Amino acid sequence: MSEFDDLREWSDVQEKDVLVLNTTMTCPLSCDFCCYGCNPKRKEKMPLAEALRLIDQVAELDCFSSIGFTGGEPLYYLDEFLKMTDRAALHAIPYTVATSGFWGADSAQAKITAAHLKATGLRRLNISCDPSHAEFVTPEAVSTAAKLVAATGIPVYIVGTFTNPEDTLKNFVPDLTEVNNVHLVDKIVAKVGRATKWDVNYGAAATDKVKTCYRRVYHDLVVFWDGKTYPCCSTFNRATPGLVVGNAFEEGLSAIRTRVEASLLFRVIKREGFPELYKIIKRLDPELFARMPKFDEYPGACSACNAIFKKDDIAQRVYKVFDLYRTQEILKSMDKVDQILGKENAAAFFENMLVECS
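Throughout what follows, the structure given in this document is the object of discussion. (Residues numbered from 1 in each chain as written. Predicted model: local features only at pLDDT ≥ 70, side-chain atom pairs only at ≥ 80, totals over all residues. Heavy atoms only, no water.)

Quick look at the overall build of the chain
How we decide: Per the convention used, a helix needs a DSSP run of H or I reaching at least four residues, while a strand needs a run of E reaching at least two, with both numbered from the N terminus. Here the radius of gyration uses the C-alpha set of atoms, whereas the globule reference equals 2.2 Å times the residue count to the power 0.38. Burial classes follow relative accessibility: with a 1.4 Å probe on protein chains only, a residue under 20% of its type's maximum area counts as buried, one over 50% as exposed, and anything between as partly exposed. Positive charges come from Lys and Arg alone, negative charges from Asp and Glu alone, with His and the N- and C-terminal ends not counted. By convention, charge coordinates are those of NZ in Lys, CZ in Arg, CG in Asp, or CD in Glu.
Scanning the chain from terminus to terminus reveals 13 helices and nine strands. Scaling as 2.2 N^0.38, a compact globule of 358 residues should have a C-alpha radius of gyration of about 21 Å, and the chain matches this with 22 Å. Split into buried and exposed, the 358 residues of the chain put 45% on the buried side. Here the chain holds 43 positive side-chain charges and 48 negative ones, and the gap between their average locations is 3 Å.

As structure tokens, then:
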């Protein structure tokens, strides 16, 4: 792994940019820690025409390597989900799915669904399974769905979310521990959504705190049912209005992606991490620095990012600081060009650049 590899890859496939479509808040479950508060009564869903249009755009852009479907439960509106995955297959775009596996309760339908997923280019299946999910979907249903998909050669990741780091999927779904192509991933509940006020012992987790964004090179552009678009798929994104980077129903993915790629703020967070973010803010706006949530008080980068960008007044001042920081960095670069080329040659160089860009 190099210094700037992305920190999380679910499989051997090294993704580039990924378009994640959060197609609905409807879910047959109502888990007690759901980050989006999904349940069967919620009716929000992405218009099919918009989803198909976004998939078509991905096919036109070289920067995207796959599409992710999530929710809510992306298979709840099955007919529309099938049309979306058919459209991805038409463009030969691989995709991933995050699901509760509720469809595994009907083994006959599950076989049909698994065959469709294989035929249309599923790259990876993530199934959530833990005591909270098991109140609504039995581990047996999850096991059926996982085994059917895994048997086609597609990797399946069972993701268990617990409040206690000592709880594991190995103990919760022991019949899946030795299944070929099935991988078990244990996570800790994030204090967001319904779990905002939960007492979670993050200190018991034995991992070091990650200080950068999980995608340090490429981007997960997440489009929700209403078109709002975020630069990552953190569980905190919907609770972090300061991270909205546009609306994919109102402008093209290319423009939004360019905005994210060009952001010096995001580049610092992704490449150098939050300690560097705080260092820059302290130097350029000491008053803001004094008001900032302290990074050490949060269990990781995503929760700290949420604490910073969920409040509009702080978020807007952070953006202003980085407008200033970008200007300073540009001026430093111009001074270096002056030193290398001399003032007259540097002036001609910048004049030519302006002509080419106009």
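Additional details are given in the paragraphs that follow.
A word on empty space enclosed by the protein
Picture a little ball the size of a water molecule; that probe, rolled over the atoms, points out where space is still empty. The line we're drawing: Using a grid of 1 Å spacing that covers the protein atoms alone, one calls a set of points a cavity when a 1.4 Å probe fits there but cannot get out, and a pocket when the set is open and has protein on both sides within 12 Å along at least five of seven lines; lining residues are those with an atom within 4 Å of a point. Grid points are joined across faces, edges and corners, and a volume is the space filled by probe spheres set on the points.
According to the stated counting rule, one finds three cavities of 30 Å³ or more in the structure shown. Approximately 220 Å³ is the volume attributed to the largest cavity. Cys-213, Cys-232, Leu-243, Ile-269 and Cys-305 are the residues nearest the centre of the largest cavity, which is lined by 19 residues in total. Counting residues per element, the ones that place at least two in the lining of the largest cavity are helix H8 (264–272) and helix H11 (301–309). The element that contributes the greatest number of residues to the lining of the largest cavity is H11, accounting for four residues. Considered as a void within the structure, the second largest cavity measures approximately 70 Å³ in volume. Lining the second largest cavity, in full, are Thr-23, Thr-24, Lys-45, Met-46, Glu-73, Pro-74, Tyr-77, Glu-80, Phe-81 and Met-84.

Here we look at the packing of helix H2 (residues 78–90) against helix H3 (residues 107–119)
The description of two helices packed together rests on the angle between their axes and the distance between the axes. The line we're drawing: Angles shown run from 0 to 180 degrees and are taken between the N-to-C directions of axes, each axis being a line fitted to C-alpha atoms and, for helices, limited to the stretch in contact. Orientation labels follow simple angle bins: below 35 degrees gives roughly parallel, above 145 gives roughly antiparallel, 65 to 115 gives roughly perpendicular, and whatever is left gives oblique. Contacts: residue pairs with any heavy atoms within 4.5 Å of one another. Here the nonpolar group is Ala, Val, Leu, Ile, Met, Phe, Trp, Tyr, Cys and Pro; Asp, Glu, Lys and Arg are the charged ones; every other residue, Gly included, is treated as polar.
Taken N-terminus to C-terminus, the directions of H2 and H3 make an angle of 20 degrees; their axes are 11 Å apart at the nearest point. Judged by the inter-axis angle, H2 sits roughly parallel to H3. On H3, the residues that touch Leu-78, Phe-81, Leu-82, Thr-85 and Asp-86 of H2 are Gln-109, His-116 and Leu-117. Here the contact of H2 with H3 is composed, by residue class, of four nonpolar, three polar and one charged.

What about the nonpolar core?
Applied cut-off: Buried Ala, Val, Leu, Ile, Met, Phe, Trp, Tyr and Cys residues that are joined via side-chain atoms within 4.5 Å together make up what is termed a nonpolar core.
Counting 89 residues, the largest nonpolar core has Leu-21, Ile-158, Val-318 and Phe-322 as its most contacted members. Those residues in contact with Phe-322, other than ones at most four positions away along the chain, are Leu-264, Leu-265, Val-268, Leu-277, Ile-280 and Ile-281.

A short note on the side chain of Thr-85
One can find Thr-85 in helix H2. Relative accessible area serves as the criterion here: at 0%, Thr-85 is assigned to the buried category.

Some details on the pairing of strand S1 (residues 17–22)
For clarity, the cut-off: What makes two strands pair is DSSP finding at least two bridges between them. Here a crossover is taken to be right-handed if, once the strands point away from the viewer, the path from the first strand over the helix to the second is traced clockwise.
Across the six residues that make up S1, a large majority, six, are buried. Pairing of S1 with strand S2 (residues 64–70) involves six bridges; the strand directions are parallel. Bridge pairing in S2 places Val-20 opposite Gly-68. For the crossover from S1 across helix H1 (residues 48–60) to S2, the handedness is right-handed. In this sheet, strand S7 (residues 220–224) lies alongside S1 in parallel orientation, the contact comprising five bridges. Looking at the pairing, Leu-19 lines up with Leu-221 of S7.

Describing the pairing of S2
With seven of its seven residues buried, S2 lies for the most part within the structure. Relative to strand S3 (residues 95–99), S2 is paired through three bridges, and the arrangement is parallel. Paired with Phe-69 across the strands is Val-97, a residue of S3. With H2 bridging S2 and the parallel S3, this β-α-β connection has right-handed handedness.

Topic: the packing of aromatic side chains
What characterises a pair of aromatic rings is the spacing of the ring centres plus the angle enclosed by the ring planes. Heads up, the condition is: Side-chain rings of Phe, Tyr and Trp (the six-membered ring for Trp) are treated as a pair once their centres are within 6.5 Å; stacked means planes under 30 degrees apart, edge-to-face means over 60, and tilted covers the remaining angles. Lysine NZ or arginine CZ positioned within 6 Å of the ring centre and within 35 degrees of the ring normal marks a charge as sitting over the ring.
Per the counting criterion, the structure on display carries 10 aromatic pairs. Ring centres of Phe-224 and Tyr-230 lie 5.5 Å apart, and the angle between their planes is 75 degrees; this geometry places the pair in the edge-to-face category. Using a relative accessible area of 0% as the deciding quantity, one classes Phe-224 as buried. Given the relative accessible area of 2%, Tyr-230 is considered buried. When the ring of Phe-322 is compared with that of Tyr-325, the centres are 5.6 Å apart and the planes differ by 80 degrees; the resulting orientation is edge-to-face. One end of the pair, Phe-322, and the other, Tyr-325, are both in helix H12 (residues 312–341), three residues apart, so they sit about a helical turn from each other. For Phe-322, a relative accessible area of 3% corresponds to the buried category. Ring pairs connect the aromatic residues Tyr-36, Phe-224 and Tyr-230, which therefore count as one cluster. Taking NZ or CZ as reference, Lys-45 lies 5.3 Å from the ring centre of Tyr-77, over its face. Positioned above the aromatic ring of Phe-289, the side-chain terminus of Lys-294 is 4.7 Å from the ring centre.

With respect to the packing of H1 against H2
The criterion, for reference: By definition, any crossing whose near helix is turned counterclockwise from its far helix by less than a right angle is left-handed, and any crossing with a clockwise turn is right-handed.
In contact at an axis separation of 9 Å, H1 and H2 are set at 15 degrees when each is read in the N-to-C sense. On the basis of their axis angle, the class for H1 and H2 is roughly parallel. As H1 runs across H2, the sense of the crossing is right-handed. Taking contact as the criterion, the partners of Leu-48, Ala-51, Leu-52, Ile-55 and Asp-56 in H1 are, on H2, Glu-80, Lys-83, Met-84, Arg-87 and Ala-88. Residues of the contact of H1 with H2, tallied by class, amount to six nonpolar, no polar and four charged.

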